[in-house]
Amino acid sequence: MTTKQIALVDCNNFYVSCERVFRPDLVNVPLVVLGVGPTKTLAKLANHVAKKHPRSKGVFNYNDLNEEQQAKLLSQITVDEVWGVGRKLTKRLEAANTT
């Protein structure tokens, strides 16, 4: 069975523009930043990892992780670190006492 995958594309190009400042070799090179996951929230998490962790080289597929790796990743990143979902979900999760 194929796992559902959602790719979050960084359409505003800000991250790529910043990378080009520090990596002139990327000027005039087409780039795409891709967070991939089974839900919108996990796709945003993957996008966060792709941007923050150089080893990912701009692409991180949450679905490539096994269950143990997924649990480890989720335990290392707080909800408020994930752009676009952090503030709202953090408040809800704190209210539910699940953070």
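Conventions adopted
- Residues numbered from 1 in each chain as written.
- Predicted model: local features only at pLDDT ≥ 70, side-chain atom pairs only at ≥ 80, totals over all residues.
- Heavy atoms only, no water.
- Helix = DSSP H or I, 4+ residues; strand = E, 2+ residues; numbered from the N terminus.
- Buried < 20%, exposed > 50% of the residue type's maximum accessible area, 1.4 Å probe, protein only.
- Contact = heavy atoms within 4.5 Å.
- Areas by Shrake-Rupley, 256 points an atom, 1.4 Å probe, with all protein chains shown as cover.
- pLDDT = per-residue confidence, 0-100.
- Core = buried A, V, L, I, M, F, W, Y, C linked by side-chain atoms within 4.5 Å.

Draft legend 1. Region of the structure containing the overall build of the protein. A count of helices and strands for the protein gives 4 helices and 3 strands. Along its sequence from the N terminus, the protein presents helices and strands in the succession β-α-β-α-β-α-α. By residue count, 31% of the 99 residues in the protein fall in the buried class. Within the protein, residue pairs in contact and separated by at least 24 positions form 58% of the contacts whose partners lie at least 6 positions apart. As presented, the protein carries roughly 7,500 Å² of accessible surface, and 55% of it is formed by carbon and sulfur atoms.

Draft legend 2. Expanded view of the confidence of the model for the protein. Per-chain confidence: the protein averages 80 in pLDDT, with 84% of residues scoring 70 or above. When mean pLDDT is taken per element in the protein, helix α3 (residues 67-76) scores highest with 92 and strand β1 (residues 6-9) scores lowest with 72.

Draft legend 3. Examining the nonpolar core more closely. Residues L42, L45, A46, V49, A50, F60, Y62, L65, L73 and I77 constitute the largest nonpolar core, which totals 10 residues. Counting residues per element, this core draws most heavily on helix α2 (residues 40-52), which supplies 5 residues.

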